[in-house]
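In case you want the letters, here they are:
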Amino acid sequence: MVEVRANKSWHSSWFHLLLLLLAAAASSCHGEKKQVLPLRELQLGDIKTSEKCLPQRSRKVNGATILEMKHQSYCSWSTKSREDRAWKLLALDNARVSSLQFQINDAAMSYGTEKPSSSPPPAAGAQIPLNSGAKLQTMNYIVTIELGGKQMTVMVDTGSDLTWVQCKPCRSCYTQEDPLFDPAASPSYQPIPCNSSMCDSLQMATGVSGACGADQPSCNYALSYRDGSYTNGVLARDRIDLAAVPVRGFVFGCGESNQGMFGGTSGLMGLGRSPLSLVSQTIPQFGGVFSYCLPTREFDSSGSLILGNDYSVYKNSTPVVYTRMITDPQQASFYFLNLTGISIGGTALRSSTQFNTKVLIDSGTVITRLVPSVYKTLRDEFLRHFSGYPPAPGYSILDTCFDLAGYKEVDIPTIRFTFDGDAEVDVDVNGVLYFAKPDASQVCLAFASLSYEEEIGIIGNYQQKNLRVVYDTVGSKLGFAEETCGYS
């Protein structure tokens, strides 16, 4: 009798094992790909920050300049709850997207390109630490540079060209953490004259030509954004230092009247493609190549901005895959790519709008925007893979939300972008869901729809987490590789 029971037990065990193997095989055949998001380890909550924002670190390694990069929230927000911050930051993000769409549409109209009326009006190297900017009341990322021998914390923006800081005497300036830059205290400071090629290049960088001052022949600039932000001042030259790499005669904006959503930073680092951008001005030092790896958290993590083409300093875990940049003479300063496909959990999306569509990759936009037809398809496919979770109300620009408060971890379907040249990029698990509430009772799909099919899609920084994103402006290509972001 004992032997018979043992045989039955043996057969039963093998039967269950066979069922498990068949289930695994079935899952593999369906090609479903998921990542685990540990909710309890995210430690989302209200964070009390220091009263003073410390300068970010920087170093030079193997000819590369590495700047520590943090989220901008690192430097303020001490009196804001996470929920207050989240709502305001998404509102600011929506204003930025409207501004970008207006710039793109306005440039197309200026060049006589027909635009649908439904569009809204709105070599050596250096590594710099890159930090999130949430403490400074934006969702941009910040680094510290030296200008005229003084440290300045500035936002990093691939959607802008002109680098500028607030300067004395300041007629109208927002509150910043660092002391104002004083041109009189810098022996290397020189204003740019009106009759110069650099003054003429303001038209491409800002959309507005340089103007002469009332009492001196200096080149004045005026840069405004659709959301009401602006900076006005004098175009000038001075020495900047990026880690241990000096750049003499660097052209920047000395802002004497500045207002808007710049938080507590000293100004902005323009990493666009026009001749006035930092990238173009430092081609002799860095070869027109820069890359970043963005921090995954607002307050307690760092990333890096690397200037230069020494790839040995990267810490990527997968090879860099490249796609070509699309050069559009009407919007020459932007970084456009050709998006050829999206998949969710291994399932390719089918949309009424054909792929092979131009999209903008932008470090200053938070949430990825897609045209309505593509967004609807992505949302519906995501819900098919991420089913069975309690729904929650929509939040700001995010319409697909869940109540995950009772879960320790969840399985997130892998979202993959495919760009021209079969460059495949998986969105990190930390870039799929946006936590509106720290207790995970309102967690939303971190993608949003544009208003019109004719608008340009934008790949936001939330979906660029834990990726080394490489901009080769001379080679006109952009690369992606997986990397656990940090500064060490």
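Below or above, wherever it landed, is the structure these notes cover. These figures come from a predicted structure and were not determined experimentally.

This brings us to helix α7 (residues 372-385). The terminal C-alpha atoms of α7 lie 20 Å apart, and with 14 residues this matches the ideal 20 Å at 1.5 Å per residue to within 8%. By the burial criterion, the buried members of α7 are Ser373, Val374, Tyr375, Thr377, Leu378, Glu381, Phe382 and His385.

Moving on, we come to the sheet that holds strand β27 (residues 433-435). One open sheet accounts for 4 strands, arranged β22-β23-β28-β27; its pairing is antiparallel. Two strands bound the open sheet, and with one partner strand each, they are β22 (391-392) and β27. In the sheet, β27 pairs with strand β28 (residues 443-445) via 3 bridges, with the strands oriented antiparallel. Within β28, the position partnered with Tyr434 by the bridge is Cys444. α7 rests against β23 (401-402), β27 and β28 of the sheet, and its axis sits at about 125° to β28.

This structure, assessed with the given rule, holds 21 aromatic pairs. When the centroid spacing of 4.9 Å and the interplanar angle of 85° are considered together, the rings of Trp164 and Phe262 count as edge-to-face. Taken as a pair, Trp164 in strand β8 (residues 164-166) and Phe262 in the loop between β13 (245-259) and β14 (267-270) lie far apart in primary sequence, 98 residues in all. In this structure Phe262 comes out as buried when scored by relative accessible area, which is 4%. With a centroid separation of 5.5 Å and 45° between ring planes, the pair formed by Tyr292 and Tyr471 is classed as tilted. In this pair, Tyr292 is assigned in strand β15 (residues 289-293) and Tyr471 in strand β31 (residues 467-472), connecting sequence segments 179 residues apart.

Per the counting criterion, the structure on display carries 16 salt bridges. A salt bridge links Glu68 to Arg57; the nearest nitrogen and oxygen atoms lie 2.8 Å apart. Taken together, the positions of Glu68 in the loop between β3 (64-67) and β4 (69-71) and Arg57 in the loop between β1 (34-38) and β2 (58-61) put the pair 11 residues apart, joining distant regions of the chain. Given a relative accessible area of 45%, Arg57 falls into the partly exposed group. Asp93 serves as the salt-bridge partner of Arg369, at 2.8 Å between the closest nitrogen and oxygen. Each member of the pair, Arg369 as well as Asp93, carries the same accessibility label: buried. In the salt-bridge network here, residues are joined through shared partners; they are Lys376, Arg379, Asp380 and Asp399.

Our next topic: the environment of Thr368. Summarising the element assignment, Thr368 is placed in strand β21 (residues 368-370). Overall, Thr368 belongs to the buried group, its relative accessible area being 0%. As a C-alpha pair, Thr368 and Ile458 span 90 residues in sequence and 5.5 Å in three-dimensional space. Sequence-distant contacts of Thr368, defined by excluding residues within four places in its chain, comprise Ala446, Phe447, Ala448, Ile458, Ile459, Gly460 and Gln463. From its side chain, Thr368 meets the backbone nitrogen of Gly460 in a polar contact 3.0 Å long.

Rules of the game
Residues numbered from 1 in each chain as written. Predicted model: local features only at pLDDT ≥ 70, side-chain atom pairs only at ≥ 80, totals over all residues. Heavy atoms only, no water. Helix = DSSP H or I, 4+ residues; strand = E, 2+ residues; numbered from the N terminus. Expected span 1.5 Å × (residues − 1). Buried < 20%, exposed > 50% of the residue type's maximum accessible area, 1.4 Å probe, protein only. Pairing = 2+ DSSP bridges. Contact = heavy atoms within 4.5 Å. Axes fitted to C-alpha atoms, helices over the stretch in contact; angles between N-to-C directions. Phe/Tyr/Trp six-rings, centres within 6.5 Å; stacked < 30°, edge-to-face > 60°. Salt bridge = Lys/Arg side-chain N within 4 Å of Asp/Glu carboxyl O. Polar contact = N/O pair within 3.5 Å; in protein donor to acceptor, adjacent residues only side chain to side chain.

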